[in-house]
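Listed here are the chains, written in short residue letters.
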Amino acid sequence: MIRAIRGTRDLLPPDTDLWNRVEDKVRAIFARYNFHEIRTPIFEDTQLFSRGVGEETDIVTKEMFTWEDKGRAASEKSQSVTLRPEATAGIVRAYIEHGLDKRGTLQKLYCLGPMFRRERPQKGRYRQFYQIDAEIIGPPSAGSESPARDAEVLEMLATLLDELGLRGWTLQLNSVGCAADRVRYNQALREALKPVVHLMCADCQRRAETNPLRVLDCKVPEDQPIIEKLPRISQYLDEPCREHFAVVRAMLDAVGVPYTLNERMVRGLDYYTRTTFEFTHGDIGAQSAVLGGGRYDGLSESLDGPKSPGIGFAIGEDRLILALQAEGVTADAKLDAYIAPLGAGMNAHALKLARELRRAGVSADLGDETFRLKKSFEAAEKAGARYIVIVGENEAESGEFGVKELATSKQVTVPRAELVAHLSRTN
Ligand code: HAM
């Protein structure tokens, strides 16, 4: 038997109803905040990610699905291509390629779709997973550097999660400063780690050499007292970065979006500057980050583009769904009516009625004239219909239909002209 590849999965109904509800809500809210959709390819030039996300990151060193795409004609060169592990690099590439900076305004862009990372699969961690990604990017003259953008993005996320009905989220907030701040901070971490690193786990010993920031991400209990005593990034922010972060926090306070400062939060991508954040949730296992994001003021330039500061985030949709389900949120069953033809020759009548109802916006499923009444009722129950409408010979002739509400077993007779109103009642 052929099975789905390890780390990939099929999304089935009724789960997909919840996925669709989330995506409808996301699109509606993004529109309210003036974001517009961008669709970029699922595979890109490998260099985009090695340069954009960072040569030293876990994503680039071990998680990318990369292959050599041989040209079809002798004249076509072969090229290293990679399934996108994230969306930001591709969006910034498209921004540069199409000269979107020349529009002179802020670009508020979003995309939904699958991402690919060769990680060790577990609950909430897959090799094909789905992100809901949004970015604000533009020339500094359009206000792209303003802390107001950071606050707007975070407020939008809080609204989005609230409106989806998710309760148990925490916003973890940090500032990683600018590139110069991080050089000084990394230096300080190296110094502080020197006398103690031999007491730490093997991973930390390696990270202390290659990328000391990642030591902060260590989960080994024995290492925690050492990590707690390491220097803090906030002590190494220069004055403009300190001020920028203070304004972001003041604006969140002003609009009442709660957050926790977490100076140990290390994001797994190298492009971040200044504000970084994650929204975590307690009920989704070890992978507690439902979404992550931050500022990337130098990303465009590192991809040979114009100076275009930006900020954005990606929601892990798989994890968002897990969190919603853990809180008991489900998609409402939406089927209004099950049309049950009763007796030979009634299929055409039932189809005609279903056509009228569906065209008027009523959701309807259709049975078959070979079903006995009992079977039609069972099918209507299974379909999750609110009402069953019987279409027998008498009904077709008289134009009055027996309509039964399945939850209450209340049955009434409804004239054809009143059916749409009756079946779309939402009480
Ligand atoms: P990230 O933190 O790598 O950031 O991923 C964002 C979210 O995607 C995570 O918080 C998680 O919910 C989800 N995610 C990541 N890997 C997996 C996986 N293997 N299985 C399931 N879910 C996963 C980014 O990707 C940045 N591009 C976000 C961003 C946008 N920053 C600025 N703009």
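Structure's up top.
Below is a summary of the structure that appears in this document. Remember, predicted model here, so these are calculated numbers, not experimental data.

**Some remarks on the pattern of salt bridges**
- Following the criterion strictly, the structure yields 31 salt bridges and no others.
- A salt bridge links Glu152 to Arg149; the shortest N-O distance between them is 3.1 Å. In this pair, Glu152 and Arg149 are both assigned in helix 5 (residues 147-164), three residues apart and thus about one turn of the helix distant.
- By relative accessible area, which is 19% here, Arg149 ends up buried.
- As a salt-bridge pair, Glu239 and Arg242 come within 3.6 Å of each other at their nearest N and O atoms. In this pair, Glu239 and Arg242 are both assigned in helix 9 (residues 239-255), three residues apart and thus about one turn of the helix distant.
- Residue Arg242 is classed as partly exposed on the basis of its relative accessible area of 38%.
- Salt bridges sharing common partners tie together Lys25, Arg32 and Glu163.

**With respect to the site of the ligand**
- Around the ligand, the structure places 27 residues, and the nearest of them are Glu86, Glu119, Tyr126, Arg267 and Tyr272.
- Glu86 is positioned such that a nitrogen or oxygen atom in its side chain is 2.5 Å from a nitrogen atom of the ligand.
- Within the backbone of Tyr126, one N or O atom sits 2.8 Å away from a nitrogen atom of the ligand.
- Considered on its own, the ligand offers 660 Å² of accessible surface; in the complex 96% of this is hidden by protein.
- Broken down by secondary-structure element, the contributors of at least two residues to the shell around the ligand are strand 6 (128-137), strand 10 (289-295) and strand 11 (310-316).
- Top contributing element to the shell around the ligand by residue count: strand 10, with six residues.
- Its residues assigned to classes, the shell around the ligand comprises 11 nonpolar, eight polar and eight charged.

**Considering the packing of aromatic side chains**
- Per the counting criterion, the structure on display carries 10 aromatic pairs.
- Here the aromatic rings of Tyr185 and Tyr236 are separated by 5.5 Å at their centres, their planes lie at 45 degrees, and the arrangement is tilted. Taken together, the residues Tyr185 in helix 6 (residues 179-193) and Tyr236 in the loop between helix 8 (224-228) and helix 9 connect sequence positions 51 residues apart.
- Their ring planes at 70 degrees and their centres at 5.8 Å tell us that Tyr271 and Tyr296 sit as a pair that is edge-to-face. Placement of Tyr271 in the loop between strand 8 (260-261) and strand 9 (273-281) and of Tyr296 in the loop between strand 10 and helix 10 (299-302) is noted, with a sequence separation of 25 residues between them.
- Among the residues examined, Tyr271 registers a relative accessible area of 8% and is labelled buried.
- Clustering of aromatic rings is evident, with ring pairs tying together Phe30, Phe35, Tyr110 and Phe313.
- Sitting over the ring of Phe65, Arg118 keeps its end group 4.4 Å from the ring centre.
- In this structure, Arg249 packs its charged tip against the face of Phe245, placed 4.8 Å from the ring centre.

About the cut-offs
Residues numbered from 1 in each chain as written. Predicted model: local features only at pLDDT ≥ 70, side-chain atom pairs only at ≥ 80, totals over all residues. Heavy atoms only, no water. Salt bridge = Lys/Arg side-chain N within 4 Å of Asp/Glu carboxyl O. Helix = DSSP H or I, 4+ residues; strand = E, 2+ residues; numbered from the N terminus. Buried < 20%, exposed > 50% of the residue type's maximum accessible area, 1.4 Å probe, protein only. Near = heavy atom within 4 Å. Polar contact = N/O pair within 3.5 Å; in protein donor to acceptor, adjacent residues only side chain to side chain. Areas by Shrake-Rupley, 256 points an atom, 1.4 Å probe, with all protein chains shown as cover. Nonpolar A, V, L, I, M, F, W, Y, C, P; charged D, E, K, R; others polar. Phe/Tyr/Trp six-rings, centres within 6.5 Å; stacked < 30°, edge-to-face > 60°. Lys NZ or Arg CZ within 6 Å of the ring centre and 35° of its normal.

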